[in-house]
Amino acid sequence: MDSNDLTPEVLRRLRKPRPYPAVSLTMPTHRHEPLNDEDPVRLRNVLSEAVHRLEADPDVPKATRQAVRVQLDRAVAEVDLRHKLDGLLILADAQEHQVWYLPRDTPESVVISDTYLTRNLVAATAQQHRYWVLSVAADRATLWNGVGDSLHEHRADGFPMTPPEETWDVEREERIGDTPSTFMDEETRKFLRSVDDAFAAVLAARPRPFHLVGVAPALALLEDAGTTSRSAAGRLAKGGLSEGPAHVLGKAVRPVVQEYARGEEREALVRLDDAKGRRTFAAGLDEVWDAVRERRAGLVAVEEHFQRSARVGEGHLMPVDGDDGAALGREVQDDIVDELVETALDGGAQVVFLDDDVLDDHHRIAAVLRY
């Protein structure tokens, strides 16, 4: 699965305690040659380490160990190394397995516990610019799942939507003969109200920014007929796109999506500057870590490729490098930034990823504090 498939409900299920052992394997992957030639070997090595640790664990009964091994083998067999992003996450226990492809570098690790490791998955999801595109016409509405520059049609939750057949009077439309009049029709209003209701349910389950596409009368009537669409992040008044295809719709809506992303970044930087004057500002990994753990952070801004190995000691983060990290072994978190992001989101903070070097004066990470 792609990290795009992670919903709040899926995350809650993944985080539930489960019978020991629950195995989480992470490893970096490579999109291009020649580095991707190493990925199959790396995957076998990570699997071997997991099997060795299970066999050496006296708390794991033989039958359980065998069941987990079966699930791990099935997961590895399902891995499609042609479908590679920047990281791979495999989750397995005695009953199930899952394979996740991540658009973010992940360390090579094996974690055996009574819960799955989710911080890499959550951080990868937070880093993506995810959004919805709702394309509407008088007789059709389609919903599109956006991640970065790519779009995929969302064919669930009632979408794509068309009016009930018996209410769409083609002859009447031909007699009227002009599109603006179509949007004065009560049946069209009812249809767009149902579109608004269906989309509201999607947003409740998978909240994210959304953009509207359609001719101006359709967008105006959609906003008048319901309430959800009024909070759109962007609008594109252009018809003929309710059928896609994805690459055409994606190209058309890209300037709107990019403008929203730039606005979000500008807003984050303004909030950081304002926080300095109010003394509700934290900068650097250790300060932001403390604020996040105490749930004082309302906004966390982090450079997109910032990663740091560190260990927690005496209530603070202590960054480690190279041989120092290897010597400390399990005390070191290879991806402490990912853990910080997950903790921040759990605490209700907004997390914004910014371009590299934007936060250079603040050691690549900063936060606006609630108090």
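Residues numbered from 1 in each chain as written. Predicted model: local features only at pLDDT ≥ 70, side-chain atom pairs only at ≥ 80, totals over all residues. Heavy atoms only, no water.

Okay, the overall build of the chain next. Helices and strands together make up the secondary structure of the chain, namely 12 helices and 15 strands. Structurally, the chain occupies a C-alpha span of about 80 × 55 × 40 Å along its principal axes. For the chain, with 371 residues in total, the buried portion stands at 48%. Considering only contacts in the chain between residues 6 or more positions apart, those separated by 24 or more positions represent 67%. Side chains of the chain carry 46 positive and 67 negative charges; the gap between the two charge centres is 2 Å. (Helix = DSSP H or I, 4+ residues; strand = E, 2+ residues; numbered from the N terminus. Buried < 20%, exposed > 50% of the residue type's maximum accessible area, 1.4 Å probe, protein only. Contact = heavy atoms within 4.5 Å. Lys, Arg positive; Asp, Glu negative; His and termini not counted. Charge placed at Lys NZ, Arg CZ, Asp CG, Glu CD.)

A separate point is the sheet that holds strand β15 (residues 365–369). By way of backbone hydrogen bonds, the strands of a sheet pair with one another, either parallel or antiparallel. One open sheet holds the 4 strands; their spatial order is β10-β15-β11-β14, and the pairing between them is mixed. Of all the strands in the sheet, the pair left with one neighbour each is β10 (281–283) and β14 (350–354). With direction set aside, neighbouring strand axes in the sheet form an average angle of 15°. Judged from the 3 bridges that link them, β10 and β15 form a sheet pairing that is antiparallel. When the bridges of β15 are listed, Phe-281 appears paired with Val-368. With respect to the sheet, helix α12 (residues 336–346) is in contact with β11 (297–303), β14 and β15, its orientation differing from that of β14 by roughly 145°. (Pairing = 2+ DSSP bridges. Axes fitted to C-alpha atoms, helices over the stretch in contact; angles between N-to-C directions.)

Two elements in contact, helix α4 (residues 119–127) and α12, have axes separated by 8 Å at closest approach and are oriented at 75°. As summarised for this structure, α4 and α12 are arranged roughly perpendicular, according to the angle between their axes. From α4, Arg-119, Asn-120, Val-122, Ala-123 and Ala-126 reach across to α12, where they touch Asp-338, Glu-339, Val-341, Glu-342 and Leu-345. (Parallel < 35°, antiparallel > 145°, perpendicular 65-115°, else oblique.)

With that settled, consider the side chain of Arg-296. Structurally, Arg-296 can be placed in the loop between α10 (285–293) and β11. Apart from the residues within four sequence positions on either side, Arg-296 is in contact with Asp-290, Ala-291, Val-368, Leu-369, Arg-370 and Tyr-371.

In this structure, Ser-135 sits in strand β5 (residues 130–137). Under the relative-accessibility criterion, Ser-135 is labelled buried at 1%. Sequence-distant contacts of Ser-135, defined by excluding residues within four places in its chain, comprise Arg-140, Ala-141, Thr-142, Trp-144, Val-213, Leu-241 and Ser-242. A distance of 3.4 Å separates a polar atom in the side chain of Ser-135 from the backbone oxygen of Leu-241. (Polar contact = N/O pair within 3.5 Å; in protein donor to acceptor, adjacent residues only side chain to side chain.)

Before going further, it helps to examine the nonpolar core. Counting residues in hydrophobic clusters, the biggest one holds 24 residues, and the most contacted among them are Leu-285, Val-288, Val-300, Leu-340 and Ile-365. Mapped by element, the contributors of at least two residues to this core are α10, β11, α12, β14 and β15. Contacts of Val-288, omitting those with residues within four sequence positions, involve Ala-282, Ala-283, Val-300, Leu-340, Ile-365, Ala-366 and Ala-367. (Core = buried A, V, L, I, M, F, W, Y, C linked by side-chain atoms within 4.5 Å.)

As for its position among the elements, Ser-309 is in the loop between β11 and β12 (310–313). Judged by relative accessible area, which is 23%, Ser-309 ranks as partly exposed. In sequence terms Ser-309 and Gln-333 are 24 residues apart; their C-alpha atoms lie 5.6 Å from each other.

Moving on, we come to the pairing of strand β2 (residues 87–92). Along any regular strand the residues' side chains alternate between the sheet's two faces. Across the 6 residues that make up β2, a large majority, 6, are buried. Going residue by residue along β2, you find Gly-87, Leu-89 and Leu-91 tucked away on one face and Leu-88, Ile-90 and Ala-92 tucked away on the opposite face as well. Note: β2 against strand β3 (residues 97–102), 6 bridges, orientation antiparallel. Across the sheet, Ala-92 pairs through a bridge with His-97, a residue of β3.

All right, on to α12 then. Counted residue by residue, α12 has 8 buried out of 11 residues, so it is predominantly covered. Taken as a whole, α12 has its buried residues at Ile-336, Val-337, Asp-338, Glu-339, Leu-340, Val-341, Glu-342 and Ala-344.

What follows deals with the confidence of the model for the chain. Note: predicted coordinates in regions of low pLDDT should not be interpreted at a detailed level. Residues with a pLDDT of 70 or more make up 90% of the chain, whose mean pLDDT is 87. Here residues 174–180 is modelled with pLDDT under 50, and outside its nearest four sequence neighbours on either side it reaches 1 contact, counting other chains as well. Counting interchain partners and residues more than four positions distant, the pLDDT-below-50 stretch residues 323–330 has 5 contacts. (pLDDT = per-residue confidence, 0-100.)

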